[in-house]
There are 2 protein chains.
Amino acid sequence: MSNYSIQNIDRFSAVFSALSNPHRLQIYTLLSGCCPPGSACNVNSIHSCCVGDLGNELDIAASTLSHHLKELSHAGLINMQREGKQIICSINNDMLDAIRQYFQVNSEVHNEPEAG
Amino acid sequence: MSNYSIQNIDRFSAVFSALSNPHRLQIYTLLSGCCPPGSACNVNSIHSCCVGDLGNELDIAASTLSHHLKELSHAGLINMQREGKQIICSINNDMLDAIRQYFQVNSEVHNEPEAG
DNA sequence: TCTATATTTCGAGATATGTCGAACTATAGT
DNA sequence: ACTATAGTTCGACATATCTCGAAATATAGA
């Protein structure tokens, strides 16, 4: 299978566009369960959190944060669902798998010695 | 290990920025040895090719192509080396590994049931 | 219904990006 | 030295992106 189709190119360039902004990548990385600076790296780290929690890490205006979250969501990278007054954000694992696939495919098919 | 450091965020957001443009992602995908439309997908597909070859696939001005290649190169995604009159482009496999790592790390560390 | 909290939408300004054509540089062959 | 081929640099313009503050919407509780 090939990554080379207009659809794939457009779909994934939109995904990488969403991850191209440092603030958005920081959000995505936080949601990936990774360890914020100063915290121990353990399995209790966040895998989902509300918009306000993210805002506490980022030092940007709430409206800017909201804008970035919308971009990540539209690209299919994260899920957002309301829970009471808050909106909970989490990684979309299907898209994460698709990205991994994107960077895996070619080497599997091609990186072999040129057997006759 | 964590992806969460200013250096990593800045480094990888620059990488994703390079991949966020459809033309650049197309170039990168072509160089990944993937099959251009209409060609058979086999191990003899290109893994490196010169600037002109890429230009034949893309339908953009030579100056635009040159600009895009510089971006990919500066981000560390591809190698460029002169061979006679031509300049040969190829995937930088170290960076490809780093990207794979980036999307792998967190799940390995965190995606387990919360054992006491 | 009034208030407080959480988040989004809107409008505007500053900066970054993508694109082109024209002019330039580098290499190889005659 | 001259010519042809391969690719880059420069300057300009159009469009997209990032950011903010102010105003609006949504939910929960008194």
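Please refer to the structure higher up on the page.
Everything numeric in this text was worked out from a predicted model, so none of it was measured. (Residues numbered from 1 in each chain as written. Chains lettered and ligands numbered in written order. Predicted model: local features only at pLDDT ≥ 70, side-chain atom pairs only at ≥ 80, totals over all residues. Heavy atoms only, no water.)

Engineer: Looking at this structure, I do not really get the protein's contact with DNA strand D. What am I missing?
Structural biologist: Near DNA strand D lie 23 residues; those nearest to it are A:Thr64, A:His68, B:Gly52, B:Ser63 and B:Ser66. Here a phosphate oxygen of DNA strand D sits 3.1 Å away from a polar atom, N or O, in the side chain of A:His23. A distance of 3.3 Å separates a phosphate oxygen of DNA strand D from a polar backbone atom of B:Ile87. Of all elements in the fold, only helix 2 (22–31) and helix 4 (62–74) of chain A together with helix 3 (51–58), helix 4 (62–74) and strand 3 (86–91) of chain B reach the threshold of two or more residues within the surface near DNA strand D. Of the residues contributing to the surface near DNA strand D, the split by class is seven nonpolar, 11 polar and five charged. (Near = heavy atom within 4 Å. Polar contact = N/O pair within 3.5 Å; in protein donor to acceptor, adjacent residues only side chain to side chain. Helix = DSSP H or I, 4+ residues; strand = E, 2+ residues; numbered from the N terminus. Nonpolar A, V, L, I, M, F, W, Y, C, P; charged D, E, K, R; others polar.)

Engineer: How should the environment of A:Ala98 be read in this particular structure?
Structural biologist: Residue and element names in this part refer to chain A. For alanine 98, the position within the fold is in helix 5 (residues 93–110). Separated by 86 residues in sequence, alanine 98 and phenylalanine 12 place their C-alpha atoms 9.2 Å apart. Those residues in contact with alanine 98 that sit more than four places away from it in its chain are Arg11 and Phe12. (Contact = heavy atoms within 4.5 Å.)

Engineer: Even after reading the chapter, I still don't get the nonpolar core, so can you show me in this structure?
Structural biologist: Soluble globular proteins tend to pack their nonpolar side chains together in the buried interior. Among the nonpolar cores identified, the biggest contains 58 residues, and A:Leu77 and B:Leu77 are the most heavily contacted of them. Excluding residues within four positions of it along the chain, B:Leu77 makes contact with B:Val15, B:Ala18, B:Leu19, B:Tyr28, B:Leu72, B:Ile91, B:Asn92, B:Met95 and B:Ile99. (Core = buried A, V, L, I, M, F, W, Y, C linked by side-chain atoms within 4.5 Å. Buried < 20%, exposed > 50% of the residue type's maximum accessible area, 1.4 Å probe, protein only.)

Engineer: Looking at this model, I keep getting lost on the protein's contact with DNA strand C. Mind explaining?
Structural biologist: What surrounds DNA strand C is a group of 23 residues, the closest being A:Gly52, A:Ser63, A:Ser66, B:Thr64 and B:His68. Within 4 Å of the protein, the contacting atoms of DNA strand C are 72% sugar and phosphate, with bases supplying the remainder. At 2.9 Å, a backbone N or O of B:Ala61 approaches a phosphate oxygen of DNA strand C. Residue B:Ser63 places a side-chain N or O atom 2.9 Å away from a base oxygen belonging to DNA strand C. Counting residues per element, the ones that place at least two in the surface near DNA strand C are helix 3 (51–58), helix 4 and strand 3 (86–91) of chain A together with helix 2 (22–31) and helix 4 of chain B. Among the residues making up the surface near DNA strand C, the classes are represented as seven nonpolar, 11 polar and five charged.

Engineer: Which parts of the structure should I look at to understand the environment of B:Ile87?
Structural biologist: Residue and element names in this part refer to chain B. With respect to the helices, strands and loops of the structure, isoleucine 87 is situated in strand 3. When its relative accessible area of 27% is taken as the criterion, isoleucine 87 is described as partly exposed. Distance in space between the C-alpha atoms of isoleucine 87 and glycine 52 is 8.6 Å, their sequence separation being 35 residues. Apart from the residues lying within four places of it in its own chain, the contact partners of isoleucine 87 are Cys49, Cys50, Val51, Met80, Gln81 and Arg82.

Engineer: Sorry, what's going on with the environment of A:His68 here?
Structural biologist: Residues and elements named next belong to chain A. Inspection of the secondary structure puts histidine 68 in helix 4. Overall, histidine 68 belongs to the buried group, its relative accessible area being 6%. Along the chain, histidine 68 and isoleucine 27 lie 41 residues apart, while their C-alpha atoms are 8.7 Å from each other. Non-local contacts of histidine 68, meaning those with residues more than four positions away in its chain, are made with Asn21, His23, Arg24, Ile27 and Ile60.

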